[in-house]
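# Per-entry structural report
Chain by chain, the residues:
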Amino acid sequence: MHGSIVPFFMQLVRSPVEILLLLALLISLSAKLTLIAMSTSIVTLVIIRVSRTYLRRYATRMADSTAGYISILQEAISAIRIVKGFSAERIVHSKFSDLASLYMRSAIKLARIHEAIPTLNEVFAIAALSVVLFLGGHEVFAGRMSASDLMTFLFALFAIMA
């Protein structure tokens, strides 16, 4: 028990302190580049928040459609004599197929959104890195920043991202 709790609390304390120290290093090296890198992080967080609402919506739709087609199936199986007696096979089949197709459409949309989120995050991370490299290169060529400071900045930025 002690062996699993202590590392958890050490990580819980160490991570925020590590991030704050790296952020202080980034700001001390170049406040302008830090602001640019962090602004793209805010855009990424907004995209994650918006996509999370879509994920919840489609997950709810999937649960509702699953419940719908399972209840139709259960009713048809438990009352098979009534369904056959009133020749309602077509009606039950059409209800079931409609609800199953709704489930499939919701599942496909959910999978698309679920697969798009990491891709969008990577695109924004690469865009942020490109902008930081471009502007950092201009800072180096203008003599306002040394190449070693730019490399230190990039390594610290990667350490925060990881």
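All of these numbers come straight from a predicted model, not from anything done at the bench.

## Describing the packing of helix 4 (residues 89–142) against helix 5 (residues 147–161)
At a closest axis distance of 9 Å, the pairing of helix 4 and helix 5 adopts a crossing angle of 160°. One finds that helix 4 runs roughly antiparallel with respect to helix 5. For the pair helix 4 and helix 5, the sense of crossing is right-handed. Facing Leu-129, Val-132, Leu-133, Gly-136, Gly-137 and Val-140 of helix 4, the residues of helix 5 in contact are Ala-147, Leu-150, Phe-153, Leu-154, Leu-157 and Phe-158. Of the residues assigned to the contact of helix 4 with helix 5, the class counts are 10 nonpolar, 2 polar and no charged.

## Some remarks on a positive patch on the surface
Taken together, the side chains of Arg-57, Arg-61, Arg-105, Lys-109 and Arg-112 make up a positively charged region of the molecular surface. Sorting the residues of the positive patch by element identifies helix 2 (31–78) and helix 4 as the ones contributing at least two each. With 3 residues, helix 4 is the single largest residue contributor to the positive patch. For Arg-105, the position within the fold is in helix 4. Among the residues examined, Arg-105 registers a relative accessible area of 47% and is labelled partly exposed.

## Thoughts on the packing of helix 2 against helix 5
At a closest axis distance of 12 Å, the pairing of helix 2 and helix 5 adopts a crossing angle of 30°. Taken together, the axes of helix 2 and helix 5 lie roughly parallel to each other. Along this stretch, helix 2 crosses helix 5, giving a crossing that reads as right-handed. Facing Leu-33, Thr-34, Ala-37 and Met-38 of helix 2, the residues of helix 5 in contact are Leu-150, Phe-153 and Leu-157.

Conventions we followed
- The numbers attached to residues start from 1 for each chain and follow its sequence in the written order.
- With the structure being a predicted model, the display of local features is reserved for residues of pLDDT at least 70 and the display and counting of side-chain atom pairs for 80 or more, all residues being used for whole-chain, interface and lining totals.
- In computing side-chain values, all of the structure's heavy atoms are included and hydrogens and water are not.
- Lines fitted to C-alpha atoms define the axes, with helix axes restricted to the stretch in contact, and inter-axis angles between N-to-C directions lie between 0 and 180 degrees.
- Strands are runs of DSSP state E lasting at least two residues, helices are runs of H or I lasting at least four, and both sets are numbered from the N terminus onward.
- Relative orientations are named as follows: roughly parallel for angles under 35 degrees, roughly antiparallel for angles over 145 degrees, roughly perpendicular for angles from 65 to 115 degrees, and oblique for any other angle.
- Put simply, a crossing is left-handed when the front helix is turned counterclockwise from the back one by less than a right angle, and right-handed when it is turned clockwise.
- Here, residues are in contact when the closest pair of their heavy atoms is within 4.5 Å.
- Residue polarity follows a fixed list, in which Ala, Val, Leu, Ile, Met, Phe, Trp, Tyr, Cys and Pro are nonpolar, Asp, Glu, Lys and Arg are charged, and the others, Gly among them, are polar.
- Patch members must show over 30% relative accessible area and no salt bridge, and they are joined within 9 Å when carrying like charges or within 5 Å when they are nonpolar side chains of Val, Leu, Ile, Met, Phe, Trp or Tyr.
- For the accessible areas, the method is Shrake-Rupley and the probe is 1.4 Å, while residue cover comes only from the protein chains on display.
- Here, a salt bridge means any side-chain nitrogen of Lys or Arg that lies within 4 Å of a carboxyl oxygen of Asp or Glu.
- By the counting scheme adopted, Arg and Lys are positive, Glu and Asp are negative, and His together with the chain ends is not counted.
- One atom stands in for each charge, and that atom is NZ of Lys, CZ of Arg, CG of Asp or CD of Glu.
- Relative accessibility decides the category of a residue: with a 1.4 Å probe and only protein chains considered, values under 20% of the type maximum give buried, values over 50% give exposed, and everything between is partly exposed.

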